[in-house]
Amino acid sequence: MSLGGPALGSGARTARRAFQFGRTYVVRPKGKHQATIVWLHGLGDNGLSWSQLLETLPLPNIKWICPTAPSQPITLFDGFPSTAWCDVSELSEDANEDLEGLDASAAHVVNLLSTEPPHIKLGVGGFSMGAATSLYSATCFVEGKYGNSDPYPTILSAVVGLSGWLPCSKVLSNRLEGVEGAASRAASLPILLCHGKADDVVRFKFGEKSSQKLSSSGFQDVTFKVYNGLGHYTIPEEMEELCAWLTSKLGLEG
């Protein structure tokens, strides 16, 4: 499924857009620092709200970095500006992808992780559009490059997507085919997807299709959690499963 915006499709390449990212909120580890995760909010939100929630989780070994997306005109809102990691136009598997926006946001994640100590495990996660951007980052890591062919320089140890979708899903298998090291990176990267069956914003079937597409493209460590009655929001049960999964996959203490 794609929730895409204006594409870098066929035809002349347009001038690069300027992306001005907003404020970043950091939740520092309360115990021994073992992992750093960049967490990406959903459309129209900011980093503060998620930083406040993540700070309450019993994960003392994780440093959370919660950036705020650029404010940009959104096609879905008839050009009205909103904080967003990329432009979006419609819920459609045939919608074009805003690769320029996705690349810029994935590169921003890399930049935020670039100063972490070398022994720290790195990850990215998010909700809704933030989940989509996190999964896009996962595919860039596995392929070894962004959509614009610039090299992807960071090693990811965990990726989380809550109530989201997989951008560029239709071309994922072709992107990874024949890429040196891609198969082993895909096989070993842990990914957690969670989706509510009552989600009326990003439909459950799109989350399910995303999980299936990742698995069929060589991602062998994909966990897909389903929540009956859950809409486009999160609940304590989901957060508890997130904590257990991160503790296990990242080998966290305590």
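The structure contained in this document is the topic of the report that follows. Everything quoted here is computed from the prediction, not taken from an experiment. As a convention, each chain's residues are numbered from 1 in the sequence order in which they are written. pLDDT decides what is reported in this predicted model: residues at 70 or higher carry local features, side-chain atom pairs at 80 or more are listed and counted, and totals for whole chains, interfaces and linings draw on all residues regardless. With hydrogens and water excluded, all non-hydrogen atoms of the structure serve as input to the side-chain values.

### Regarding the nonpolar core
Applicable threshold: Within this scheme, the nonpolar core is defined by two criteria: the residues are buried Ala, Val, Leu, Ile, Met, Phe, Trp, Tyr or Cys, and they are joined through side-chain atoms within 4.5 Å. The buried label applies to any residue whose accessible area, calculated with a 1.4 Å probe on protein chains only, is under 20% of its type's maximum; exposed applies above 50%, and partly exposed to all values in between. Numbering goes from the N terminus for both helices and strands, where a helix is a DSSP run of H or I of at least four residues and a strand is a run of E of at least two. Note on definitions: a residue-residue contact is assigned when non-hydrogen atoms from the two residues lie within 4.5 Å.
In terms of nonpolar packing, the biggest core is built from 45 residues, with Val142, Leu156, Val159, Leu189, Ile191, Leu214 and Phe219 touching the most fellow members. Every element with two or more residues in this core is listed here: strand 2 (35-40), helix 2 (99-113), strand 6 (121-127), helix 3 (129-143), helix 4 (172-176), helix 5 (182-188), strand 8 (191-196) and helix 6 (204-216). Here the element with the most residues in this core is helix 3; it accounts for eight residues. Beyond its immediate stretch of four places on either side in the chain, Val142 contacts Leu176, Ala182, Arg185, Ala186, Leu189 and Phe219.

### Here we look at the pattern of salt bridges
As a reminder, the rule being used: Between Lys or Arg on one side and Asp or Glu on the other, a salt bridge is scored when a side-chain nitrogen of the former is within 4 Å of a carboxyl oxygen of the latter.
A full pass over the atoms with the stated rule returns seven salt bridges. For Arg17, the salt bridge goes to Asp98, with nearest N and O atoms at 2.8 Å. On the criterion of sequence distance, the pair formed by Arg17 in the segment before strand 1 (25-27) and Asp98 in the loop between strand 5 (81-83) and helix 2 is long-range, its members being 81 residues apart. For Arg17, a relative accessible area of 32% corresponds to the partly exposed category. The salt bridge partner of Lys249 is Asp221, with a shortest N-O separation of 3.1 Å. One end of the pair, Lys249, is in helix 7 (residues 236-249); the other, Asp221, is in the loop between helix 6 and strand 9 (222-227), and 28 residues separate them in sequence.

### So, the sheet that holds strand 3 (residues 62-66)
Which entries qualify depends on this criterion: The rule for pairing is simple: two strands pair if DSSP sees at least two bridges between them. Helix axes are fitted only over the stretch in contact, all axes being lines through C-alpha atoms; the angle between N-to-C directions runs from 0 to 180 degrees.
Pairing within the open sheet is mixed, and its seven strands lie in the order 1-3-2-6-7-8-9. The open sheet is flanked by strand 1 and strand 9, the only strands paired with a single partner. For this sheet, the mean angle separating the axes of adjacent strands, direction not counted, is 15°. Note: strand 6 against strand 7 (residues 158-162), five bridges, orientation parallel.

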